[in-house]
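Structure at a glance
What follows is the residue order along each chain.
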Amino acid sequence: MSFTKLDMNDNSQVEGRACVIIYNIGGKELKSIKGYASLLGIRDQIVLYPKNADTVVKDILENNINSDCSNGRKERAIIFNALSPAKINVFLETLRKLKINNVLKATVTQTSINWTLNEVVENLSAEHIAISKGNFEAHQLC
């Protein structure tokens, strides 16, 4: 994973399937997230759960989703694909306003597109722990 500051004014088009992957979130929070994503024009929303966690991100984006995972990660995550930095920034700001907490957030990269959903969430979790401790060197960022 890598860190880059989002340019709130960058509305550039990104190539690929413009969507959001919503992982292990349900109930009212899922309804709120899906509703707000629709308001932002993100109509392509892929909702997945731990039973889908062995699926490679590339396959998820091609609608080839595996439902046979028995050891999926329990953390909650939102993963953006091919959305402009401005749209992602507005989405993240709204999550804060809706008080939807404890959700890992990421964008699909050239590296993570070849990882399983379990691997993405595991790396996001490790980064979150390292950052919360102020230890940016504890977790090797890919």
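The coordinates are above.
Residues numbered from 1 in each chain as written. Predicted model: local features only at pLDDT ≥ 70, side-chain atom pairs only at ≥ 80, totals over all residues. Heavy atoms only, no water.

**A few points about unusual backbone geometry**
Cut-off, in case you're wondering: Only DSSP runs of H or I reaching four residues or more are called helices, and only runs of E reaching two or more are called strands; each is numbered from the N terminus. Working definition: with a 1.4 Å probe on protein chains only, accessible area under 20% of the residue-type maximum means buried, over 50% means exposed, and in between means partly exposed.
Positive phi values are uncommon outside glycine, yet Asn24 reaches one of about 60°. Along the chain, the position of Asn24 falls in the loop between β1 (19-23) and α1 (27-39). Judged by relative accessible area, which is 19%, Asn24 ranks as buried. Despite not being glycine, Ala82 shows a phi value in the positive range, around 55°. With respect to the secondary-structure elements, Ala82 resides in the loop between β3 (76-81) and α3 (85-97).

**Things to note about the side chain of Arg76**
This is how the line gets drawn: Here, two residues are considered to be in contact whenever any of their heavy atoms come within 4.5 Å of each other.
Mapped onto the elements, Arg76 comes out in strand β3. Ignoring sequence-local partners within four residues, the contact set of Arg76 consists of Tyr23, Asn24, Ile25, Glu29, Ile100, Asn101, Asn102, Val103 and Leu104.

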